[in-house]
Amino acid sequence: MTDSASSTEPMPKWHEFMRPVLKVLSDGRTRTRRELIADVLDQEAIPPDQRAILLASGQPSAENRIGWAMSDLTRATAVAKPERGRFIITEIGKQLLSANAGNITKETLRAIPAYNDYEPRRQNISASTAVQRRADEDSELDPTEQIESGIELLRADVATDLLKRLQDRHPDFFEEAVVKLLLAMGYGGAENRGRRIGGTGDGGVDGVIDQDALGLDQIYIQAKRYAAESTVGREAIQSFVGALAGRGATRGVFITTSRFSTQALEYARAIPTRIILIDGKQLTDLMIRHSVGVQVAKVYTVVEVDEDFFE
């Protein structure tokens, strides 16, 4: 990448940072992890918008990719750590840099015996497995990003299933579910002061959350179970606002399994009554985040070496 790099160019894949790491270290200086990452970002002219991209963990994606490149180079003994948190190029690293004018890949590193000692030994690798391994190595995503991407795919499948189940159940069930969600989010206090009040004569309100023990501060709920292709229009929001006014309320939450029209969103923003609109996507995101209607299926633990242990 040149100094003219811009956000129109894709961020380098994690293994495409291996040569830049060696190039930065080729001056023979010992650098801290932070210094090395900063120098690589500057050398490759990674633009600010790409540096600002964060993983779900909150770590900058570009820094994470450089970190994985540093890790593989260290395993290949192309980079050494003379002391904790500091990096320097080795003779193997210098040879690797001079022998590879283009990108350095994991396949390049496999020519180094020390690197193979770190790789899991697999017997009788099938052709399909080998093809998949090459595809993984050519991926733009580093291992951490692949894990997070897989988790997001699983969450998306769960969200789709949740929404369909909510749409298929009786409206009473949906009204109970949204009350449980708001209570799980912390509304209603430790005593979970919230209840469904939907049904005949509900006055256009399906639930209420008491924010204090005496019920002086209340949040009213409207829950509409619509098909995914349907749209909640401005008229439905106006009707809910009218129902709130009839109860002397100034705050409400309108939750639907579908989505809101542009007019409905604009109306909710313009009126003095505080109305929060939650569509189907936001609803399932909140249910997953607060463990409502879902349960933990598997837990995966990612570990790293404890540097303090070896001090």
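See the structure above.
Just so we're clear, the structure is a prediction, and the values are computed from it rather than from any experiment.

Thoughts on the overall build of the chain
Part 1 of the reasoning: The number of helices and strands found in the chain is 13 helices and 10 strands.
Part 2 of the reasoning: Among the 311 residues that make up the chain, the fraction classed as buried is 39%.
Part 3 of the reasoning: Pairs at least 24 apart in sequence give 62% of the contacts found in the chain among residues at least 6 apart.
Part 4 of the reasoning: For the chain, the exposed area adds up to about 18,100 Å²; of that, 51% sits on carbon and sulfur atoms.

A look at helix 2 (residues 33-43)
Part 1 of the reasoning: Residues of helix 2 that are buried: Leu-36, Ile-37, Val-40 and Leu-41. Mapping the buried residues of helix 2 onto a view down its axis gives an arc of 130°, with all of them on the same face.
Part 2 of the reasoning: Along its buried surface, helix 2 packs onto helix 1 (18-25), strand 1 (31-32), helix 3 (48-51), helix 4 (61-75) and strand 3 (86-89).

Re the pairing of strand 8 (residues 251-256)
Part 1 of the reasoning: Extensive coverage of strand 8 is indicated by the burial of five of its six residues.
Part 2 of the reasoning: Across five bridges, the pairing between strand 6 (residues 218-224) and strand 8 is parallel. Within the sheet, the bridge partner assigned to Lys-224 lies in strand 8 and is Thr-256.

Here we look at unusual backbone geometry
Part 1 of the reasoning: Not every positive phi belongs to a glycine, and Ala-45 is a case in point at roughly 50°.
Part 2 of the reasoning: Mapped onto the secondary structure, Ala-45 falls in the loop between helix 2 and helix 3.
Part 3 of the reasoning: Judged by its relative accessible area of 14%, Ala-45 falls in the buried class.
Part 4 of the reasoning: Of note in this structure, Thr-77 is not a glycine but carries a positive phi near 60°.

Conventions and cut-offs
Residues numbered from 1 in each chain as written. Predicted model: local features only at pLDDT ≥ 70, side-chain atom pairs only at ≥ 80, totals over all residues. Heavy atoms only, no water. Helix = DSSP H or I, 4+ residues; strand = E, 2+ residues; numbered from the N terminus. Buried < 20%, exposed > 50% of the residue type's maximum accessible area, 1.4 Å probe, protein only. Contact = heavy atoms within 4.5 Å. Areas by Shrake-Rupley, 256 points an atom, 1.4 Å probe, with all protein chains shown as cover. Arc of directions from axis to C-beta. Pairing = 2+ DSSP bridges.

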